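# Chain and residue survey
Chain by chain, the residues run as shown.
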Amino acid sequence: MTLELFSQYLLAGVTYGIIYAIVGIGFNIIYNTTGIINFAQGEFVMLGGMIAISMHQWLPLPLAIVAAVLLVMLIGALVEILFIRWLDRPSVLRMIIITIGISILVREAALHIWGEGVRSLPYFVGNEITTVRIMGARVSPQVLWVIGVCTVMVLALSLFFKYTLQGKKMQACAANRVAATLCGISTKNMVTLSFMLSAGIGALAGCVMSPITYSQYDIGTGLAIKGFTVAILGGLGSSMAAVAAGLLLGLIESFSVSVVPLAFQDAISISLLLAILFLRPHGLFGNKDAADLKEF
Amino acid sequence: MLKIKNLEAGYGKLRVLKRISLHVNPGEIVTLIGANGAGKTTLLAAITGLIRATAGEIVLKGDNIERLKAEEIVFRGCSLVPEGRQVFATMSVRENLVLGGYVQHRQGKAKMQEEIEYIYDLFPVLRERRNQLAGTLSGGEQQMLAMGRALMAKPALIMLDEPSTGLAPLIVKNIFQIITRLREAGNTVLLIEQNAKAALRVADRGYVLETGKIILQGASEDLLANRDVQRAYLGRDVKEN
């Protein structure tokens, strides 16, 4: 393999990897405060891209993206308030069915609003044929946007959880819900906030990736599977592990193209998911003892 | 400070508490003793709002609180140190204390730091371990952290659920000394214990709970001298006396 080809695969892997990582982190944020897997996570990403595209008809690109992210956060909060907040200690199975239901609902609504067409946001800088050379590889500057924005999001989130009171309150809910209540923290509000936060980061990822991966009403499902694989691979609940796992999955997928046909790309991540669930259900970096304590 | 009238509560159809009435005056240490399954923890859960009372009244500082949400009751000045410590294991000692002070966070950062220093003075071992994860502390240290976290809220009433369970005798002694110091500092304490002797020694008054009912109450000295209490809770055979 030449250096150029290697760099090309490497950059493609990192680009997709960091997108998977963001979806995986979205899973983790909600899992941590509620103990459930939100299978509608991919739909937030889809909505981000689609709404930004529609908004761009009236607004300049940066404003359209900001508006889309805010709107999707609002949708995230509404979803939680309408479907989850009023449930009294629901079982894990019930929550999973509810979130799958929400994802179907959102997808069908998107189909009615935007139709089946494939859309995309314009490139942030230049156009389809603009390229920059990095380590011999030729890539679109949009790739740098994706990597940059997602990296900033990951860093901002870790700062948020480490240094702000809101972040600590959410962490407290994850660590011990009863104790958090006894500290005067409204765990229900924290759950709403976690839905808003993961909707927001999903939507932003959906916007920056739109020019290169395109947006369509049904991209959510595929992303949710990848993001779920990444969250499980890293060990549920840990955001930094999700980044490592996301990059790993992205690189495996992109380098696999040099060995097996492109059509097998999804099969690879699903086989990986199955292998992990069978062999190391607590994830590559997760702690088995801690995993045994989780209900799911 | 706290007045409970004819309180009933339970889980589903199971009625655990049957018409409980008790009161705690400001500046007092009141203890509630009773065997496993007597309903002690259920009573605390009802006071803190973790479960709903099905009948009766709970009055804190003159206000009825039995319909409030658990997190609102903390803001009203009633904090619980739960059974089994329940510290935030994955967070540092200092972060645990900061979260404990959440209800006071509007007072500003300087005030928060002042409170944390006060807790460190009360429990010097917590200062040494301030950057350690709470889950790595020993049982006694976790108990101190749980107490420190509850005190950070500056509660008018602090309730302790079995603080001595599973701790070495020396540490139990230390914990009870601190409870006495809390009264000296002006705190009001409701202490739930299985270790009846130790609890009655530090308390002003006591209640004895059995199968969801209060069967005895009075000044601690009287309860310590009571033959029924001695036989049932102090492990002393009647013949010895």
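A short tour of the structure in this document, coming up. The structure displayed is predicted, hence computed values, not measured ones.

Rules of the game
Residues numbered from 1 in each chain as written. Chains lettered and ligands numbered in written order. Predicted model: local features only at pLDDT ≥ 70, side-chain atom pairs only at ≥ 80, totals over all residues. Helix = DSSP H or I, 4+ residues; strand = E, 2+ residues; numbered from the N terminus. Rg over C-alpha atoms; globule rule 2.2 N^0.38 Å. Contact = placed C-beta atoms within 7 Å. Buried ≥ 20, exposed ≤ 12 C-beta atoms within 10 Å, placed from the backbone. Pairing = 2+ DSSP bridges. Expected span 1.5 Å × (residues − 1). Nonpolar A, V, L, I, M, F, W, Y, C, P; charged D, E, K, R; others polar. Axes fitted to C-alpha atoms, helices over the stretch in contact; angles between N-to-C directions. Parallel < 35°, antiparallel > 145°, perpendicular 65-115°, else oblique. Core = buried A, V, L, I, M, F, W, Y, C linked by C-beta atoms within 7 Å.

## Quick look at the overall build of chain A
A count of helical and extended segments in chain A gives 12 helices and 2 strands. Secondary structure elements of chain A, listed N to C terminal, follow the sequence α-α-α-α-β-β-α-α-α-α-α-α-α-α. Relative to the globule expectation of 19 Å for 296 residues, the C-alpha radius of gyration of chain A, 19 Å, shows essentially globular dimensions. In terms of overall dimensions, chain A has a C-alpha envelope of 55 × 50 × 35 Å along the principal axes. In chain A, of all internal contacts separated by at least 6 residues, the share reaching a separation of at least 24 is 77%.

## Observations regarding the overall build of chain B
Within chain B one finds 10 helices and 10 strands. Taking 18 Å as the expected radius of gyration for a compact globule of 241 residues, we find that chain B reaches 18 Å, a close match to that expectation. Per-residue burial over chain B gives 46% buried out of 241 residues. In chain B, the share of contacts with a sequence separation of at least 24, taken over all contacts with a separation of at least 6, comes to 65%.

## A look at the sheet that holds strand β2 (residues 14–24) of chain B
Residue and element names in this part refer to chain B. Spatially, β2-β1-β4-β5 is the arrangement adopted by the 4 strands of the open sheet, whose pairing is antiparallel. Only two strands of the sheet have a single partner each, and these edge strands are β2 and β5 (63–64). Pairing between strand β1 (residues 2–11) and strand β4 (residues 53–60): 6 bridges, direction antiparallel. Bridged to Glu-8 within β4 is Ala-55.

## With respect to helix α6 (residues 139–151) of chain B
All names here are of chain B. Along its 13 residues, α6 runs 18 Å from first to last C-alpha, staying within 8% of the 18 Å computed at 1.5 Å per residue. In terms of residue burial, α6 counts as a mostly covered element, since 12 of its 13 residues are buried. Within α6 the residues assigned to the buried category are Gly-140, Glu-141, Gln-142, Gln-143, Met-144, Leu-145, Ala-146, Met-147, Gly-148, Arg-149, Ala-150 and Leu-151. Residues of α6 that are buried make contact with β6 (78–81), α3 (93–100), α4 (109–122), α5 (124–128), β7 (157–161) and α7 (169–184).

## Things to note about the pairing of β1(B)
Regular strands have side chains that alternate between both faces of the sheet. Residues and elements named next belong to chain B. Sheet analysis places β1 next to β2, joined by 7 bridges and oriented antiparallel. Within the sheet, the bridge partner assigned to Gly-10 lies in β2 and is Arg-15. Connecting β1 to the next strand, β2, in antiparallel fashion are 2 residues, including Gly-12 with a positive phi near 60°.

## Overview of the interface of chain B and chain A
Each partner contributes to the interface: chain B provides 23 residues, whereas chain A provides 15 residues. Listed by contribution, the elements that provide at least two residues to the side of chain B that touches chain A are α2 (70–75), β6 and α3 of chain B. Considered class by class, the residues forming the side of chain B that touches chain A number 14 nonpolar, 6 polar and 3 charged.

## Some thoughts on the pairing of strand β9 (residues 205–210) of chain B
All names here are of chain B. Taken across its 6 residues, β9 has 5 buried, putting it largely inside the fold. Here strand β3 (residues 29–33) runs beside β9; their pairing, made up of 4 bridges, is parallel. Across the sheet, the residue bridging to Ile-33 is Val-208, located in β9. Pairing analysis gives 6 bridges linking β9 to strand β10 (residues 213–219), with the strands arranged antiparallel. Bridging across to β10, Arg-205 finds its partner in Ala-219.

## Description of the environment of Leu93(A)
Mapped onto the elements of the fold, Leu93(A) is located in helix α4 (residues 92–114). Distance from Leu93(A) to Ile36(A), taken between C-alpha atoms, is 9.0 Å for residues 57 residues apart in sequence.

## Quick word on the packing of helix α1 (residues 3–34) of chain A against helix α9 (residues 219–234) of chain A
For any two helices packed against each other, the geometry comes down to the angle between their axes and how far apart the axes lie. Residue and element names in this part refer to chain A. Where α1 contacts α9, the two axes come as close as 7 Å, and the packing angle between them is 70°. Taken together, the axis directions place α1 and α9 in an arrangement best described as roughly perpendicular. Where α1 approaches α9, its residues Tyr-20, Ala-21, Val-23, Gly-24, Gly-26, Phe-27 and Asn-28 are matched on the opposing element by Leu-223, Ala-224, Lys-226, Gly-227, Phe-228, Val-230, Ala-231 and Gly-234.

## Here we look at the nonpolar core
When a protein is soluble and globular, its nonpolar side chains tend to lie buried together. Core analysis: the biggest nonpolar cluster contains 162 residues, and Ile19(A), Leu47(A), Ala68(A), Val72(A) and Ala203(A) have the highest contact counts within it. In this structure Val72(A) touches Phe44(A), Leu47(A), Gly48(A), Ile51(A), Ala199(A), Gly200(A) and Ala203(A), once residues within four positions along its chain are discounted.

## Section: α3(B)
The buried count for α3(B) comes to 7 of 8 residues, which makes it a mostly enclosed element. The complete set of buried residues in α3(B) reads Val93(B), Glu95(B), Asn96(B), Leu97(B), Val98(B), Leu99(B) and Gly100(B). In this structure, the buried side of α3(B) is in contact with α6 (165–175) of chain A together with α4, α5 and α6 of chain B.

## Observations concerning unusual backbone geometry
Generally, phi is negative for residues other than glycine and the peptide bonds are trans, each holding for most cases. A positive phi angle, near 45°, is found at Asn6(B), a position not held by glycine. On the secondary structure map, Asn6(B) appears in strand β1.

Note that all results are geometric; they support no functional claim without further evidence.
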